[in-house]
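Analysis of the macromolecular model
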Amino acid sequence: MARRWLLTLILLVVAIVAAVTGRTVLFVIMVLFALAASPLAFPTSIPAAEAQARSAADGKPIVYWRPGCPFCLRLRTTLAFQSRRLHWVDIWKDPAAAAAVRAVADGNETVPTVILRGEPHVNPNPTWLRAAIRAR
């Protein structure tokens, strides 16, 4: 649980140091980075088993992600409001999710990994995924 928040905490410490030393611009930048890196920037994560069951029922894609991942953040911001059309699973919160990613990513925990129509896509192009979700 702590490692999910580690990057956010480090960025907030840097922001506090910047504020104390009078570097207002750096303070604002570090706070924004901390918010972007936090788990709060993503929709609520659900367990892998629940995501798989929901996806089988409603056909929505599954996104395996982890906090602090810049590629996950890029995917999340590109999808914007469409991100609610996916099931989000934090691999640091659910060991079964990490195992599912390793199974399709050559033993690596490469995120984001998206399961779309039963096919895994490791670190897909966010624009492509947005178009694929719209076409669904």
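Read on for an overview of the structure. Predicted model, so just to flag it, every value in this text is computed and none were measured.

1. Remarks on the packing of helix 1 (residues 2-20) against helix 2 (residues 24-37)
In contact at an axis separation of 8 Å, helix 1 and helix 2 are set at 170° when each is read in the N-to-C sense. Compared by their axis directions, helix 1 and helix 2 come out roughly antiparallel. In this structure, helix 1 contributes Leu 7, Thr 8, Leu 11, Leu 12, Val 14, Ala 15, Ala 18 and Ala 19 to the contact, and helix 2 contributes Leu 26, Phe 27, Met 30, Val 31, Phe 33, Ala 34 and Ala 37. Grouping the constituent residues of the contact of helix 1 with helix 2 by class yields 14 nonpolar, 1 polar and no charged.

2. Focus: helix 3 (residues 48-58)
All of the buried residues in helix 3 are Ala 48, Ala 51 and Ser 55. Relative to the axis of helix 3, the buried residues are bounded by an arc of 60° and lie together on one face. More than 90 degrees from the buried face of helix 3, the exposed residues found are Ala 49, Ala 56 and Ala 57. Residues of helix 3 that are buried sit in contact with strand 1 (62-65), strand 2 (87-90) and helix 5 (95-104).

3. Points about helix 4 (residues 70-79)
Looking only at helix 4, the buried set comprises Cys 72, Leu 75, Arg 76 and Leu 79. Along helix 4, the residues classed as buried sweep out an arc of 100° about the axis, all on the same side. Turned more than 90 degrees from where helix 4 packs its buried face, Pro 70 and Thr 77 sit exposed. The inward-facing, buried residues of helix 4 abut strand 1, strand 2, strand 3 (113-116) and helix 6 (126-135). Just downstream of helix 4 lies Ala 80, where phi reads positive at about 50°.

4. Details of the environment of Leu 9
Tracing the chain through its elements places Leu 9 in helix 1. The spacing of Leu 9 and Ala 34 is 25 residues in sequence and 7.4 Å in space, taken between C-alpha atoms.

5. A closer look at a nonpolar patch on the surface
Side chains of Phe 27, Val 28, Leu 32 and Leu 35 sit close together on the surface and give an oily, nonpolar patch of about 350 Å² of accessible area. Following the sequence through the fold, Phe 27 ends up in helix 2. Under the relative-accessibility criterion, Phe 27 is labelled partly exposed at 31%.

6. Looking at the pattern of salt bridges
Opposite charge on two side chains permits them to pair, given that their charged atoms come into close proximity. Per the stated rule, a full pass over the model turns up 2 salt bridges. In this structure, the salt-bridge partner of Arg 54 is Glu 50, at a minimum N-O distance of 2.4 Å. A residue pair is termed a helical-turn pair when its members lie 3 or 4 positions apart in one helix, as Arg 54 and Glu 50 do in helix 3 at 4 residues. The exposure class assigned to Arg 54 is partly exposed, which follows from its relative accessible area of 38%. On the basis of relative accessible area, Glu 50 is assigned to the partly exposed category, the value being 32%. For Arg 102, the salt bridge is made with Glu 109, and the minimal N-O distance between the two is 2.5 Å.

Basis of the calculations
- Residues numbered from 1 in each chain as written.
- Predicted model: local features only at pLDDT ≥ 70, side-chain atom pairs only at ≥ 80, totals over all residues.
- Heavy atoms only, no water.
- Axes fitted to C-alpha atoms, helices over the stretch in contact; angles between N-to-C directions.
- Helix = DSSP H or I, 4+ residues; strand = E, 2+ residues; numbered from the N terminus.
- Parallel < 35°, antiparallel > 145°, perpendicular 65-115°, else oblique.
- Contact = heavy atoms within 4.5 Å.
- Nonpolar A, V, L, I, M, F, W, Y, C, P; charged D, E, K, R; others polar.
- Buried < 20%, exposed > 50% of the residue type's maximum accessible area, 1.4 Å probe, protein only.
- Arc of directions from axis to C-beta.
- Patch = residues over 30% accessible without salt bridge, like charges linked within 9 Å, V, L, I, M, F, W, Y side chains within 5 Å.
- Areas by Shrake-Rupley, 256 points an atom, 1.4 Å probe, with all protein chains shown as cover.
- Salt bridge = Lys/Arg side-chain N within 4 Å of Asp/Glu carboxyl O.

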